[in-house]
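Inside the fold
In case you want the letters, here they are:
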Amino acid sequence: EAGVAQSPRYKIIEKRQSVAFWCNPISGHATLYWYQQILGQGPKLLIQFQNNGVVDDSQLPKDRFSAERLKGVDSTLKIQPAKLEDSAVYLCASSLGHLNTEAFFGQGTRLTVV
Amino acid sequence: QQPVQSPQAVILREGEDAVINCSSSKALYSVHWYRQKHGEAPVFLMILLKGGEQKGHDKISASFNEKKQQSSLYLTASQLSYSGTYFCGVLNAGNNRKLIWGLGTSLAVNP
């Protein structure tokens, strides 16, 4: 079974530039998550999709971050414009169901904003 | 409300045991445990759904004390492969749409 695919693996941008991350979840997984993980901390949920609808985006900085899930499958997360404090690993995860089901994580995208 | 994990870091010799605790100030609906090795993605260990529930996975087990609003992860006869950062994630009763993760416990197992 193919895992969660993310690209790119690494990205370095200057502040105020824009960046986009892509995620392809495990086939058949209805729930997709985007997490931000700052070095030395636990993952912080940015947005959660159930199929192509948003379940929770309460911690997404909507003035600069946006996300969409195309046709309930792939998803993109965009930052525009980026700030220094956005430097982190962005993890995409998917699960079959909502709430109490195992989440499978992608390898993540390490973003460095300089 | 972010759960509190303790200890922050543990260093073990191979074969030793360890306990990692995860406490919440709010009533818990469920507790999720993940392990993340350096530079890798988190990997699922187990979910505990009910107060008093205990689960085991190889020599890693966990318990969920609903009254104390706490879960403990037990690593028995640790192996080198157990090294990594252990995270608990909690779903709070009444606001159980979003998993909130602790800061993690770093575990190093040395030969």
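Residues numbered from 1 in each chain as written. Chains lettered and ligands numbered in written order. Predicted model: local features only at pLDDT ≥ 70, side-chain atom pairs only at ≥ 80, totals over all residues. Heavy atoms only, no water.

1. Points about the overall build of chain B
Scanning chain B from terminus to terminus reveals 0 helices and 11 strands. Here the C-alpha atoms of chain B give a radius of gyration of 13 Å, agreeing with the 13 Å that 2.2 N^0.38 yields for 111 residues. Per-residue burial over chain B gives 44% buried out of 111 residues. Here the contacts in chain B between residues at least 6 apart in sequence split such that 57% fall between residues at least 24 apart. Summed over all atoms, the accessible surface of chain B reaches about 5500 Å², with 48% contributed by carbon and sulfur. (Helix = DSSP H or I, 4+ residues; strand = E, 2+ residues; numbered from the N terminus. Rg over C-alpha atoms; globule rule 2.2 N^0.38 Å. Buried < 20%, exposed > 50% of the residue type's maximum accessible area, 1.4 Å probe, protein only. Contact = heavy atoms within 4.5 Å. Areas by Shrake-Rupley, 256 points an atom, 1.4 Å probe, with all protein chains shown as cover.)

2. Details of the side chain of Arg64(A)
Residues and elements named next belong to chain A. Following the sequence through the fold, Arg64 ends up in the loop between β6 (53–56) and β7 (65–69). Among the residues examined, Arg64 registers a relative accessible area of 11% and is labelled buried. The contact partners of Arg64, leaving out residues within four places of it in the chain, are Lys78, Ile79, Gln80, Pro81, Ala82, Lys83 and Asp86.

3. Remarks on the sheet that holds strand β1 (residues 5–7) of chain A
Residue and element names in this part refer to chain A. Reading across from one edge, β1-β3-β8-β7 is the order of the 4 strands in this open sheet, with antiparallel pairing throughout. Unpaired on one side and paired on the other, β1 and β7 mark the two borders of the sheet. Here the strands of the sheet are splayed against their neighbours by 15 degrees on average, with no regard to which way each runs. Both β1 and strand β3 (residues 19–24) contribute to a ladder of 3 bridges, which runs antiparallel. (Pairing = 2+ DSSP bridges. Axes fitted to C-alpha atoms, helices over the stretch in contact; angles between N-to-C directions.)

4. Focus: the state of the cysteines
Evaluated as defined, the whole model comprises 2 disulfides over all chains. Bridging Cys23(A) to Cys92(A), the disulfide has an S-S length of 1.9 Å. Across the S-S bond of Cys23(A) and Cys92(A) the torsion is about -65 degrees, and the bridge reads as left-handed. Separated by 69 residues along the polypeptide, Cys23(A) in strand β3 and Cys92(A) in strand β9 (residues 88–95) bring together distant segments of the chain. A relative accessible area of 0% places Cys23(A) in the buried class. Each disulfide pairs two cysteine sulfurs, and for Cys22(B) the partner residue is Cys88(B), the sulfurs being separated by 2.0 Å. Around the S-S axis, the bridge from Cys22(B) to Cys88(B) shows a dihedral of about 75 degrees and counts as right-handed. Of the two residues, Cys22(B) is situated in strand β3 (residues 18–23) and Cys88(B) in strand β9 (residues 84–92); the sequence distance between them amounts to 66 residues. (Disulfide = S-S within 2.5 Å.)

5. Overview of the interface of chain B and chain A
On the chain A side, the residues contacting the 19 residues of chain B number 22 residues. Buried area between chain B and chain A, both sides added, is near 1600 Å², and the carbon and sulfur share of it is 54%. For chain B, the biggest contributors to the area lost against chain A are Arg97(B), Lys98(B) and Trp101(B); these three give 34% of the whole. The tally of links from chain B across to chain A stands at 4 residue pairs in polar contact (both at pLDDT 80 or more). Those elements that provide at least two residues to the side of chain B that touches chain A are β4 (28–36), β5 (43–48), β9 and β10 (95–101) of chain B. Residue composition of the side of chain B that touches chain A, grouped by class: 12 nonpolar, 5 polar and 2 charged. (Buried area = accessible area lost by both parts, 1.4 Å probe. Polar contact = N/O pair within 3.5 Å; in protein donor to acceptor, adjacent residues only side chain to side chain. Nonpolar A, V, L, I, M, F, W, Y, C, P; charged D, E, K, R; others polar.)

6. With respect to the nonpolar core
Residues Trp33(B), Leu73(B), Leu75(B), Tyr86(B) and Leu107(B) are the most contacted members of the largest nonpolar core, which totals 23 residues. At the level of elements, β2 (9–13), β3, β4, β5, β7 (60–65), β8 (70–75), β9 and β11 (105–110) of chain B are the ones that each hand at least two residues to this core. In terms of nonpolar packing, the next biggest core, distinct from the first, is built from 21 residues, Val19(A), Phe21(A), Ile26(A) and Tyr90(A) among them. (Core = buried A, V, L, I, M, F, W, Y, C linked by side-chain atoms within 4.5 Å.)

7. Quick notes on unusual backbone geometry
A cis geometry characterises the amide bond from Ser7(A) onward to Pro8(A), with omega recorded as -5 degrees. Residue Pro81(A) is bonded to the preceding Gln80(A) through a cis peptide linkage, with omega at -5 degrees. Mapped onto the secondary structure, Pro81(A) falls in the loop between β8 (75–79) and β9. The backbone phi angle of Asn51(A) is positive, close to 55 degrees, even though this residue is not glycine. Secondary-structure assignment places Asn51(A) in the loop between β5 (44–50) and β6. Accessibility expressed as a relative area gives 42% for Asn51(A), which makes it partly exposed. A positive phi angle, close to 55 degrees, is found at Gln69(B), a residue other than glycine. You can see Gln69(B) is positioned in the loop between β7 and β8.

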